[in-house]
Each structure stands twice: as structure tokens, then as C-alpha cells.
Amino acid sequence: MSEIHHLSTQQLIAGLQNKQFSSLELTEHYIKRIDALDSKINSFITHTSQTALAQAKAADEMRAQGDNRMLLGIPMAHKDIFCTQGVLTTCGSKMLHNFVSPYNATIVSNIENAGMISLGKLNMDEFAMGSDNSSSYYGTVQNPWDLERVPGGSSGGSAAAVAAGFVPLATASDTGGSIRQPASFCGLTGIKPTYGRVSRFGMIAYASSLDQAGSLGHSARDCAYLLQPMIGHDPRDATSIKHDMPDYVSDLDEAVANAGDKPFAGLRIGVAKEYFGAGLDSEVEKSVRAALSKYEELGATIVEVTITDPEITLATYYMLAPAEASSNLSRFDGVRFGYRCEDPKDLIDLYTRSRSEGFGPEVQRRILMGTYALSAGYFDAYYTKAQKIRRIIIKDFEDAFESCDVIASPTAPTAAYKLSDDLDSATMYLGDVYTIGVNLAGLPSISQPVGLTSEGLPVGLQLIGKHWEESKLLTTAHLFQQHTDHHLQHSLIAKQSV
Ligand code: GLN
């Protein structure tokens, strides 16, 4: 048998059911790897190994007594943006370095109720602002494919932990690409659902109208397993929406059962030239185009579509996201949560120094930009205008979907870059150019691995779906993965035994 951490979630479930291994053995295997190898990656901020081992034992007993919940006893870990009761929840920030949440995020409870076992909390860019995990107060995260390179961000710890074989699955959040871009940089599959599909209750807010939680795994099928318990209406989140509840894994099985030798017959994939413009690395383009040819070979039709100029989308996002962030982050005032400065002179000094010392430079930059955009004299010129353009972006997507079922693009313009490249903020923002439109329009989107560059770095293909069509995205990626093996490649660290 191959090493446990090379098994898919489906194989892990089968292994538990057939008593090939116990949940305790699985959990011990992953914890051993984390203990031996995470010093090279820095993917975890907090370990919950002792609780996890106790939960694994309990899961084995429940299984022996006939509990047949599918995910019972399967290990995973959470991005540190999700509140976990009794466990440190930092959001990657000094501001919350001592915040032990008094309650669980809805998705944390849902995943626990499905029987899964959390091994801890994963590193991330501070307050989810960033694209390479370099803004974390807890240090940079190394990409398990090449330790000199970044894992992507802001869910860099989540992606790195899965790619290193420390957990089979991880939760993540996506405000402008933070699930898809790290999936792309780390050779994983990651899905960002439709806005409103997953409760945001207990997910620390960055930009509330854009934030959405989702799952990361090696394959679309892995992502489907973890996404299933996350979805559903939550009365505690006013933006969560009541909608039909699909069964993602059954949908995949059904799609495979119905697929002939042309599984994509009838599927129209929209390709926009706007997504293949200047700034796109030639090797990334090559792998993405090769994947599109494979889709065609398997029966899909490629159609040309037009979407909003990505530069306009980028500017709109970097106006609205900081505006919402500046409002959301005003609650961190040194009084109610987390960090408080030493010996404040008076109330203003308490606010000012707590925020200056507790927030890192990227977060402060966003708060400044956002506050400016929302200030009385500039509100109409910037914020209102950006909201109007957001409407146009949504309309452009709707028009494009008149002639196609999904839209394909590279997930990011480049593969993982070196930490030593030390990108300035503006250059880093450019890396989000293909992912952020999806959040502005509230659409679901998946990134899947489609090859390696000549330096052996993973490349991701993004598929964007219509609202509520996560299942279509998962099945489209899954059927592709039935005919290709890009998702089965292992990172340098995943190849190491301990
Ligand atoms: N890189 C983008 C930003 O910094 C997206 C982050 C995210 O999706 N959380 O805003």
C-alpha cells in the first residue's frame, strides 16, 4: 500500500470502512509528519494534536458501534480565519495573538458534526490580505514543491499543509482568489463556492460582500467531500442563502456513470482573450492551453467570450475590498479584542498605538486606502463609482454565460515565485487579475492542476461557473481528472517519509 498521505479522501474513507487502518493510526501518521517536517514549511500556527488523538479514538469506537457517517475520523485542518471554540484564533495577526474564541464558526461546527478531526489552525496572510503569505505575523510559509518559493495566499498555510501531506484536506477562504491561487501554486484543487452558499458566521471578516469559505484537496473529489458539510443556510449569517442542497459526491459518481468516451460532449467552455493578455507567463499559458485541448479532445467545445477588462476589475476590487476592510477592522480597537498597547496615556493613545502596533504594514495600507475611499469628500468619486463598475462586471459575466456553460482561464499569471523576489504591493495585486472578478460577481470557481513548468512548479486552470453551479465545476474538474494525472503528482515534501 502506498503511504497513507498519498491516498485520496475516497481511499481514506474506504480504508477506515474496511478496517485497513483506524482513525487513530491515520491521525498519528499525519501528526508524525507535521512534527517531523513542518519546521521546513511553517504551515501550522496552532496544533491541536492531543484533542485530535482523543477524537480519533472516540471516532474509532463510534465506528465500531455502527456509526457510519462517511467522514467520521478523517483528519483535516482549518485556516486560522475560522473561530474555533477554546482554541487560539489569530487570523495571522499580532492583533489577535491572544484571542481564544468563545464560539465556533458555523463551518467548524458543521465539519465537527460530520465526524472530522481538526489537527490545528493554519498559517495565512494577516487578515487574509495578501497573495503569498508574507504578511503573516507568524512568518512566511514555504511552498512544499520548492522551499525557496511562496505557497500563494492568503490561504498559504492551508495549501502548503495539504501539498506537504500534513492533512488530506483543509478549509480556506477566498475574497479575491485566496483559495484558488494557493491551490494553483501548490498543485492542488480548490473551490470557492457561490457567495451565500457557505455561512460566514465565525469567519473573521475581511471584505464581507466578497468573502466566501471553501475547500482545498488534491482532487475535485477531495474538495467535494469537505465542501459538503460546509454548505447550507445559516440563520446566523444574514447573507447566507436558502437554496437546493446538492450532494456533490453523488453528483460526481452520476457524472462518471453517464460519461461515454466523450465525457464533455455538449459542454461549452468560454475562453476570453482578456484572460490571456500581457503579463501571462508563457509556460503557464502553454499548460493551460494544453488542458483546454484535452477538454476539447474529450468532447468539449471552446467558444470565445468577452468579459470586463481585468485591469478595470482589479482597480474595482482594490477600491471595494479595502473599503469594506477598513470598516470591518475598526472593531479591533485594543478594547474589545486581542492586542492592547502598554501604558496608554489616554483613550486616543490606546486606540492609536494598539492599532499601529497590532496591525502589520499591509493591513495598515488597506485600512488607509479604504478609509480614504469612504471619506466624505471622495466617497462618490471612488466607492460609489466602484460599486457601479461592479454592476457592469456582473452583467458582463451574465452576458458571457449566454453562450457558454463555464469560463476557463489561468488561475494566476505565473507559477509560484521566490520569496526573495520580495514583490511590492502593487505588483502582488496584479497577480490577482484572473481571480477577483469572480468574487465581485459572487460566482463559484474552481482551480485544478494542469501541469508543471520546466522548473517543476505547478500550474492551475480556473473554471468559473454560473451562480449555484458548484456541482458542475466539481464534475467538470473530476471528469478531467479521470483522464489525466496532474492532480496525482507529489510535492518534494510529500515524497519524504518520516
Ligand atoms: N490577494 C487578494 C487580496 O489581498 C485576495 C485575498 C483573499 O482572497 N483573501 O486582497
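Description of the structure in this document. Counting restarts for each chain: residues are numbered from 1 in the order of the written sequence. For a predicted model such as this one, the threshold for reporting local features is a pLDDT of at least 70, and the threshold for listing and counting side-chain atom pairs is 80 or more; totals across whole chains, interfaces and linings nevertheless cover every residue. Water and hydrogen atoms were dropped before computing side-chain values, which therefore reflect all heavy atoms in the structure.

The next point concerns the pattern of salt bridges. Should a side-chain nitrogen of Lys or Arg be within 4 Å of a carboxyl oxygen of Asp or Glu, the pair is scored as a salt bridge. Inspection of the entire model under this criterion finds 20 salt bridges. Here Glu-455 makes a salt bridge to Arg-149, at a shortest N to O gap of 3.4 Å. Here the residue Glu-455 occupies a position in the loop between strand 10 (445-452) and strand 11 (458-464), and Arg-149 occupies one in the loop between strand 3 (117-122) and helix 5 (156-163), the gap between them amounting to 306 residues. Residue exposure (1.4 Å probe, protein chains only): buried if accessible area is under 20% of the type maximum, exposed if over 50%, otherwise partly exposed. According to the relative accessible area criterion, Glu-455 is exposed, its value standing at 58%. Classification of Arg-149 by relative accessible area gives buried; the value is 9%. Note that Lys-273 and Glu-274 form a salt bridge whose closest N and O atoms lie 3.9 Å from each other. Given a relative accessible area of 56%, Lys-273 falls into the exposed group. Assessed through its relative accessible area of 17%, Glu-274 is described here as buried. The helix count covers DSSP runs of H or I at least four residues long, the strand count covers runs of E at least two residues long, and both are numbered beginning at the N terminus.

Note that patches include only residues with greater than 30% relative accessible area and no salt bridge, and the join distances are 9 Å for like charges and 5 Å for nonpolar side chains (Val, Leu, Ile, Met, Phe, Trp, Tyr). We get accessible surface area from the Shrake-Rupley algorithm with a probe of 1.4 Å; when it comes to residues, only the shown protein chains can shield them. Taken together, the side chains of Val-335, Leu-347, Ile-348 and Tyr-351 present a nonpolar region at the surface, about 370 Å² in accessible area. Mapped onto the elements of the fold, Tyr-351 is located in helix 11 (residues 347-358).

Turning next to the pairing of strand 10. Of all eight residues that make up strand 10, seven are buried, and the element is covered over most of its length. Two strands qualify as a pair provided that DSSP identifies no fewer than 2 bridges between them. Where strand 10 and strand 11 come together, seven bridges link them in antiparallel fashion. Bridge pairing in strand 11 links Ser-445 to Ile-464. Count of turn residues in the strand 10/strand 11 antiparallel hairpin: five residues, of which Gly-456 carries a positive phi of about 80°.

Turning next to the site of the ligand. Nearness here has a simple test: a residue counts as near a molecule or strand if at least one of its heavy atoms is within 4 Å of that partner. Around the ligand, the surrounding shell holds 15 residues, and the nearest of these are Thr-175, Gly-176, Ser-178, Tyr-206 and Tyr-317. Two N or O atoms count as a polar contact when they lie within 3.5 Å, although within protein this holds only if one can serve as hydrogen donor and the other as acceptor, and sequence-adjacent residues are included solely when both atoms are side-chain atoms. At 2.8 Å from a nitrogen atom of the ligand is found a main-chain nitrogen or oxygen belonging to Ala-128. Contact between the ligand and Gly-177: an oxygen atom at 3.3 Å from a main-chain N or O atom of the residue. For the ligand, the protein covers 100% of the area, taking 300 Å² as the surface of the free molecule. Throughout, the ten residues Ala, Val, Leu, Ile, Met, Phe, Trp, Tyr, Cys and Pro are labelled nonpolar, Asp, Glu, Lys and Arg are labelled charged, and all others, Gly among them, are labelled polar. The residue inventory of the shell around the ligand, partitioned by class, reads five nonpolar, seven polar and three charged.

A few words now on the packing of helix 7 (residues 220-230) against helix 8 (residues 248-258). Interaxial distance between helix 7 and helix 8 falls to 8 Å at its minimum, and their mutual angle equals 150°. Considering their axes alone, helix 7 and helix 8 lie roughly antiparallel with respect to each other. Residues Ala-220, Arg-221, Ala-224, Tyr-225, Leu-227 and Gln-228 of helix 7 form the contact with helix 8, whose own contacting residues are Tyr-248, Val-249, Leu-252 and Asp-253. When grouped by side-chain class, the residues that make up the contact of helix 7 with helix 8 number seven nonpolar, one polar and two charged. Helix axes use the C-alpha atoms of the stretch in contact, all axes being lines fitted to C-alpha atoms, and the angles between their N-to-C directions lie in the range 0 to 180 degrees. Reported orientations rely on four angle classes, namely roughly parallel under 35 degrees, roughly antiparallel over 145, roughly perpendicular from 65 to 115, and oblique for the rest. Pairs of residues are marked as contacts when any of their non-hydrogen atoms sit within 4.5 Å.

Another point: the packing of aromatic side chains. Ring geometry is summarised as follows: Phe, Tyr and Trp rings, the Trp one being its six-membered ring, pair when their centres sit within 6.5 Å, and such pairs are stacked at plane angles under 30 degrees, edge-to-face over 60 and tilted between the two. Tallied over the full model, the rule gives 17 aromatic pairs. On the basis of an interplanar angle of 35° and a centroid distance of 5.4 Å, the ring pair of Tyr-103 and Phe-201 is categorised as tilted. Taken together, the positions of Tyr-103 in the loop between strand 2 (75-79) and helix 4 (106-113) and Phe-201 in the loop between strand 5 (189-192) and strand 6 (212-217) put the pair 98 residues apart, joining distant regions of the chain. In this structure Phe-201 comes out as partly exposed when scored by relative accessible area, which is 23%. Ring plane angle 75° and centroid distance 5.8 Å describe the contact between Phe-127 and Phe-359, whose orientation is recorded as edge-to-face. Note that Phe-127 is positioned in the loop between strand 3 and helix 5 and Phe-359 in the loop between helix 11 and helix 12 (361-374), a separation of 232 residues in sequence. Grouping residues by exposure puts Phe-127 and Phe-359 together as buried. Connected via pairs of aromatic rings, a cluster forms that spans Phe-99, Phe-127, Phe-332, Phe-337 and Phe-359. By the criterion adopted, a ring carries a charge over it if an Arg CZ or a Lys NZ lies within 6 Å of its centre and within 35 degrees of its normal. A cation over an aromatic ring shows up here: Lys-94 above the ring of Tyr-339, its NZ or CZ 4.9 Å from the ring centre.

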